[in-house]
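# A closer look at the structure
So the chains spell out like this:
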Amino acid sequence: MRRLLWVSDTIDRLLLSLATVASWLFLFLAVAIVLDVTTRKLGFRIPMMTSTRFQELEWHIHTFLFSVWFGATYVKDKHVRVDLLSQGFSQKGRAWAELFGILVLAIPFCLVGLYFSIDYAFIAWMTNEGSELGQGLPARWVPKAIIATGIFLFLLACLSVGLRSAAVLGAGVEDVEELEQHEGGEGQGH
């Protein structure tokens, strides 16, 4: 059980560290939005940065933030889901439901998503795909690769939550107190 929790905590720390570092991109996003709005309103142009480029930069940053935070929100149990069915379950019942969802829904989603998103990014890279608009950003493969990376990070999050669920299912009576104390710390609170 301790080994499962150690691996889960290690994955959690990685995902949460990446999300923390990525959060600094909000500053760049805010600057890009303000510059885009201001330059359009005043009719001023920044050399090499058209309004189209600013808008595409904004959605590239949004893509990065969403992709990196997707896994982090799952390990912190902050994602959106409906817990109407599992709210009356015991701790082990919730762990079974979580593990079932991971194995039947999340992991297959990640594997299919990775298969197609890697191909999607690779084709964009091989064809040197850029914006469809002449004044847009080049290297369209970058946000496409970020989507694949985000799906991989979510797969890691599924592994972490699955290991934590397995630890709950394998816990004996003597381990319940340790698990409850552990859940109050870094990991997710089933």
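One numbering rule holds for all chains: residues counted from 1, following each sequence as written. A pLDDT threshold of at least 70 governs which residues receive local features in this predicted model, and a stricter bar of 80 or more applies before side-chain atom pairs are shown or counted, although totals over entire chains, interfaces and linings include all residues. Only hydrogens and water are set aside; all other atoms, that is, all heavy atoms of the structure, feed into the side-chain values.

## Some points on the overall build of the chain
Here a strand is any run of E in DSSP of at least two residues, a helix any run of H or I of at least four, and the numbering for each starts at the N terminus. Across its full length, the chain carries six helices and zero strands. Each helix and strand of the chain, ordered N terminal to C terminal, gives the series α-α-α-α-α-α. Categorising residues by exposure relies on relative accessible area from a 1.4 Å probe, with only protein chains included: less than 20% of the type maximum marks a residue as buried, more than 50% marks it as exposed, and the intermediate range marks it as partly exposed. Counting all 190 residues of the chain, 38% fall into the buried class. Contacts are assigned to residue pairs with any non-hydrogen atoms lying within 4.5 Å of each other. Considering only residue pairs separated by 6 or more positions, the chain has 79% of its internal contacts joining residues 24 or more positions apart. Note on areas: Shrake-Rupley, 1.4 Å probe, and residue coverage restricted to the protein chains presented here. Carbon and sulfur atoms form 70% of the exposed surface of the chain, whose accessible area is close to 11500 Å².

## Considerations on a nonpolar patch on the surface
What makes a patch is a set of residues exposed beyond 30% relative accessible area and free of salt bridges, joined within 9 Å when like-charged and within 5 Å when nonpolar (Val, Leu, Ile, Met, Phe, Trp, Tyr). Salt bridges are counted wherever a side-chain nitrogen of Lys or Arg sits within 4 Å of a carboxyl oxygen of Asp or Glu. A cluster of nonpolar side chains, contributed by Phe122, Ile123, Trp125, Met126, Trp141 and Val142, occupies part of the molecular surface with about 590 Å² of accessible area. At the level of secondary structure, the elements contributing two or more residues to the nonpolar patch comprise α4 (91-126) and α5 (141-170). For Val142, the position within the fold is in helix α5.

## Points about the packing of helix α1 (residues 2-22) against helix α3 (residues 51-75)
Convention adopted: a line fitted to C-alpha atoms gives each axis, helices being fitted over their contacting stretch, and angles between N-to-C directions are expressed from 0 to 180 degrees. Direction vectors running N to C along α1 and α3 enclose 145°, while the axes themselves pass 9 Å from each other. Judged by the sense of rotation from one axis to the other, the crossing of α1 with α3 is left-handed. Contact residues: α1 offers Asp12, Leu15, Leu16, Leu18, Ala19 and Ala22, while α3 offers Phe64, Leu65, Val68, Trp69, Gly71, Ala72 and Val75. Think of it as three bins: nonpolar holds Ala, Val, Leu, Ile, Met, Phe, Trp, Tyr, Cys and Pro, charged holds Asp, Glu, Lys and Arg, and polar takes everything else, Gly as well. Here the residues of the contact of α1 with α3 sort into 11 nonpolar, one polar and one charged. Crossings are sorted by hand: turned counterclockwise from the far helix by less than a right angle, the near helix makes the crossing left-handed, and turned clockwise it makes it right-handed.

## Thoughts on the nonpolar core
Soluble, globular proteins show a tendency: their nonpolar side chains are buried together. In terms of nonpolar packing, the biggest core is built from 23 residues, with Leu15, Tyr74, Phe154 and Cys158 touching the most fellow members. If you list the elements that add at least two residues to this core, you get α1, α3, α4 and α5. Among the elements that take part in this core, α5 stands out by supplying eight residues, more than any other. Ignoring sequence-local partners within four residues, the contact set of Leu15 consists of Gly71, Ala72, Val75, Leu153, Leu156 and Ala157. Residues grouped as a nonpolar core are buried Ala, Val, Leu, Ile, Met, Phe, Trp, Tyr and Cys residues, joined through side-chain atoms within 4.5 Å.

## What about unusual backbone geometry?
Comment: phi is negative for the bulk of residues other than glycine, and the bulk of peptide bonds are trans. Of note in this structure, Asp77 is not a glycine but carries a positive phi near 60°. In this structure Asp77 comes out as partly exposed when scored by relative accessible area, which is 24%. A positive phi angle is found at Asn128, which is not glycine, with a value near 55°. Summarising the element assignment, Asn128 is placed in the loop between α4 and α5.

## What to know about the confidence of the model for the chain
Caution applies to low-pLDDT regions: their predicted coordinates should not be interpreted in detail. Values of pLDDT, which run from 0 to 100, indicate the predictor's confidence residue by residue. Here the chain shows a mean pLDDT of 85. Residues at 70 or above account for 88%. In this model residues 184-190 is a low-confidence stretch, pLDDT under 50, and it forms 25 contacts with partners more than four residues away in sequence or in other chains.

## Remarks on the environment of Ala166
Tracing the backbone shows Ala166 in helix α5. Along the backbone, Ala166 and Leu5 are 161 residues apart, and their C-alpha atoms lie at a distance of 9.3 Å.

## A few points about the side chain of Glu56
Its location among the elements puts Glu56 in helix α3. By relative accessible area, which is 7% here, Glu56 ends up buried. For Glu56, the side chain forms a polar contact with the main-chain nitrogen of Leu137, separated by 2.7 Å. Residues within four places of Glu56 in sequence aside, it is in contact with Ser131, Leu133, Gly136, Leu137 and Arg140. Polar contact criterion, stated in full: a pair of N or O atoms within 3.5 Å, where within protein one must be able to donate a hydrogen and the other to accept it, and residues adjacent in sequence count only if both atoms are side-chain atoms.

## Overview of the packing of α4 against α5
For the pair α4 and α5, the least separation of the axes is 8 Å and the interaxial angle reads 160°. The orientation of α4 with respect to α5, classified from their angle, is roughly antiparallel. Of the two possible hands of crossing, α4 and α5 adopt the one that is left-handed. Each residue belonging to the contact of α4 with α5 can be placed in one class, and the counts come to 27 nonpolar, five polar and three charged. Between 65 and 115 degrees an angle is taken as roughly perpendicular, under 35 as roughly parallel, over 145 as roughly antiparallel, and anywhere else as oblique.

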